[in-house]
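# Descriptive analysis of the structure
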Amino acid sequence: MTPSLLEQQQQLLLNKSYDVRISNLATFIHHKVIKKPGKILDIGVGNTLLIRYFQNKGYKTSGIELSSKLIESYKKHKNLFKINIQKGDITKLQGNNEYEYVLCCDVLEHIKDDQKAVNNLWTFVKAGGYLIISVPAHPHLFGKRDVLLGHYRRYNKQKLLNLITTLPSHKIELVTYWNISGYFIYYFFEKILHKKIDDTFRYKKGLINKIIVTIIDIMFKLEAKLPKIPIGLTFIIFVKKLK
């Protein structure tokens, strides 16, 4: 069976120590909320770049991953030997309020019953801890790439907030767009050219690819300095558990 686009991406990034999108996403989340020591649970470990980022920062990290193929791949990855990653389905699991930070990045869009997933995520967060979710933004951008990636949907702000309002004892600390340049690139290819976006520059070597990655990296770092991000390809929400 031919691997899906998502599976191809995960495998290509598994042996990378840096990706211009995911590494900048991790840095953005880290600087916004994850500042104090604590235990981190990463739901949907995927290519492991997020969990490895926080492990390298000294946090005690654990993960849950649905894909059996990826779980097998992790066993061969020397940088993951010290991280506890279990196979599991977040729509069928509940926690014991034990983690200071629960990350669910680029996952909910792949789950049909996203409300059930969010309710279960909340059970892993301890009082005073945070649930941090990132999802693709703007339903009007939904297109061929979303289908190839296995997305059920893209989110507007209200849809994302609706998932959170059912949670007991919560406070939304921040909802923000992220990845300004990604929005315009995505719109140009999907809605104007009606062509597939080629993001293989993220994985391949070569001078041109290196230049592209450097420019995008600079744009992410400049974006992170903005007091408010007006538009972006991604939504990120930070939710604190009050008790």
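Scroll up to find the structure this text is about.
First, a word on scope: everything that follows refers to the structure included in this document. (Residues numbered from 1 in each chain as written. Predicted model: local features only at pLDDT ≥ 70, side-chain atom pairs only at ≥ 80, totals over all residues. Heavy atoms only, no water.)

Moving on, we come to the side chain of D114. Checked against the element boundaries, D114 lands in helix α5 (residues 114-122). Within the local environment of D114, its side chain forms a polar contact with the side chain of Y155, the two groups lying 2.9 Å apart. (Helix = DSSP H or I, 4+ residues; strand = E, 2+ residues; numbered from the N terminus. Polar contact = N/O pair within 3.5 Å; in protein donor to acceptor, adjacent residues only side chain to side chain.)

To continue, consider the nonpolar core. One finds V102, L108, L121, L131 and I133 to be the most contacted residues of the largest nonpolar core, which totals 29 residues. At the level of secondary structure, the elements contributing two or more residues to this core comprise β1 (39-43), β4 (99-105), α5, β5 (125-136), α7 (157-165) and β7 (234-241). I40, Y59, L103 and I216 belong to the second largest nonpolar core, which has 25 residues in total. (Core = buried A, V, L, I, M, F, W, Y, C linked by side-chain atoms within 4.5 Å. Buried < 20%, exposed > 50% of the residue type's maximum accessible area, 1.4 Å probe, protein only.)

An order of β3-β2-β1-β4-β5-β7-β6 is seen for the 7 strands of this open sheet, with the pairing classed as mixed. A strand with exactly one partner marks an edge of an open sheet, and here the two such strands are β3 (84-87) and β6 (170-178). Here the strands of the sheet are splayed against their neighbours by 15° on average, with no regard to which way each runs. Of the strand pairs in this sheet, β6 and β7 are connected by 8 bridges, and their pairing is antiparallel. Looking at β7, one finds that H170 is bridged to K241. The sheet strands contacting helix α3 (residues 49-56) are β1, β2 (60-65), β3 and β4, and the helix crosses β2 at an angle near 170°. (Pairing = 2+ DSSP bridges. Axes fitted to C-alpha atoms, helices over the stretch in contact; angles between N-to-C directions. Contact = heavy atoms within 4.5 Å.)

This part takes up the pattern of salt bridges. Evaluation of the coordinates by the stated rule reveals 11 salt bridges. Here D19 ties to R202 by a salt bridge, and the two come within 2.9 Å at their closest N and O atoms. Taken together, the positions of D19 in the loop between α1 (5-14) and α2 (20-32) and R202 in the loop between α8 (180-193) and α9 (207-223) put the pair 183 residues apart, joining distant regions of the chain. Relative accessible area serves as the criterion here: at 0%, D19 is assigned to the buried category. By relative accessible area, which is 15% here, R202 ends up buried. The salt bridge involving K171 is made with E173; its shortest N-O contact spans 3.9 Å. (Salt bridge = Lys/Arg side-chain N within 4 Å of Asp/Glu carboxyl O.)

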